[in-house]
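# Coordinates in review
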Amino acid sequence: VPFTGRGKLILPFALVRAALQARALLRRGDADVAVGMGGYASIPLIVGARLAGVPSLIHESGAIAGRANRVAAMLTGNVALAFDEAAAQFKGKARTVGMPLNPQIAEFDRGALRPEARSAFGLADGVTMVLVSGGSQGSARLNEAAVGLAGRWKHRENVRIVLKAGTTHADDVAGRLRENGGDAVTELTSFFDRMDHAYAAADLMVSRAGAGTVAELAAVGLPSILVPYPYAPDDHQAVNASVLTKVGAARLVRDEEATAERLAPLIEELLDDPDRLAEMARATAKVARPEAARELAGWVLELARG
């Protein structure tokens, strides 16, 4: 049931019903602890845990807390954070553990994986890879910028763009790349079978600033240019991006400025300065938390043991 519009009318009844169902499930399963990972569905779980006398914990993945977790936090004293920036919104009862990541990313070893990854993308020595991704669905803005960059660099032999355009946009982007000659320097894909390969082969990433992406960039040590989604509630992607920009691991470019004309000089400046890129890569270690899943699991088990 949504928190807006007509949903407000039935929300109280739906919440009570769902909370009672959650309480029954927790008791039936003899649960030792309840964990909410955010989203509206976690609220009745935390309410149900309170009613059942079961300890509970919530995890906030963003640098700005979501509405559901702000509500759920009223009913539990255990709040785990992905980023320190969200702590002030929970009035001192939160602890930063990081973002639980796929083991493929959490155990990432760039030096060991890079030769295999670059070979998988067919990159010759001396070729720089710029990875562009707008998230799982792709981004029209970043796709347009990548097409413009590809056209600008179409005669360069030392740069390759790998563009994750999203399934919906892939055919249109492919056609535009053929038209401007950018297909000569661009590999277009709708998804990656091995995201760790993409990260290991890349020298720089241009992407949105979802919480998961920011955490992964920190974990894999990849310099980035972040373009926050402009319609995110509370501009939370810009706050997510600040996790990396404030330590010098990323540059922020606003969506309306994310054109090929604006991005090209910035990217070229970075690619022409390997020392600067290396410095940005090292800076990611200041915020990386590869042990997040283990730390969060440890906290849950502490609660389960009472």
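Keep in mind the model is a prediction, meaning the values are calculated, not measured. (Residues numbered from 1 in each chain as written. Predicted model: local features only at pLDDT ≥ 70, side-chain atom pairs only at ≥ 80, totals over all residues. Heavy atoms only, no water.)

Counting buried positions over the six residues of strand 5 (residues 128-133) gives six, a clear majority of the element. Alignment of strand 5 against strand 8 (residues 204-207), held across four bridges, turns out to be parallel. Residue pairing for strand 8: Ser133 is matched across the bridge by Ser207. (Buried < 20%, exposed > 50% of the residue type's maximum accessible area, 1.4 Å probe, protein only. Helix = DSSP H or I, 4+ residues; strand = E, 2+ residues; numbered from the N terminus. Pairing = 2+ DSSP bridges.)

This part is about the sheet that holds strand 9 (residues 224-226). As summarised here, the arrangement of the six strands in space is 7-6-5-8-9-10, forming an open sheet in which the pairing is parallel. With partners counted over all chains shown, the strands left at the sheet margins are strand 7 (186-189) and strand 10 (250-252), one partner each. Strand-to-strand twist across the sheet, computed as the mean angle between neighbouring axes with direction ignored, equals 15°. The sheet contacts of helix 10 (residues 236-245) involve strand 9 and strand 10, and relative to strand 10 the element is tilted by about 145°. (Axes fitted to C-alpha atoms, helices over the stretch in contact; angles between N-to-C directions. Contact = heavy atoms within 4.5 Å.)

Next up on the list: the packing of aromatic side chains. All told, the structure shown has two aromatic pairs when counted by the stated rule. Residues Phe121 and Phe192 carry aromatic rings whose centres are separated by 6.4 Å and whose planes lie at 65° to one another, so their mutual orientation is edge-to-face. Of this pair, Phe121 sits in the loop between helix 5 (110-120) and strand 5 while Phe192 sits in the loop between strand 7 and helix 8 (195-201), placing them 71 residues apart in sequence. Like Phe121, the residue Phe192 is buried in the burial classification. Ring geometry for Tyr229 versus Tyr231: centroids 5.6 Å apart, planes at 75°, classification edge-to-face. By relative accessible area, which is 38% here, Tyr229 ends up partly exposed. Overall, Tyr231 belongs to the exposed group, its relative accessible area being 65%. Of note, Arg95 hangs over the ring of Trp299, and the distance from its end group to the ring centre comes to 3.9 Å. (Phe/Tyr/Trp six-rings, centres within 6.5 Å; stacked < 30°, edge-to-face > 60°. Lys NZ or Arg CZ within 6 Å of the ring centre and 35° of its normal.)

A few words now on a negative patch on the surface. Among the surface-exposed residues, Glu269, Asp272, Asp273 and Asp275 lie close enough to one another that they form a single negatively charged patch. The residue Asp273 is located in the loop between helix 11 (260-271) and helix 12 (274-283) in this model. (Patch = residues over 30% accessible without salt bridge, like charges linked within 9 Å, V, L, I, M, F, W, Y side chains within 5 Å. Areas by Shrake-Rupley, 256 points an atom, 1.4 Å probe, with all protein chains shown as cover. Salt bridge = Lys/Arg side-chain N within 4 Å of Asp/Glu carboxyl O. Lys, Arg positive; Asp, Glu negative; His and termini not counted. Charge placed at Lys NZ, Arg CZ, Asp CG, Glu CD.)

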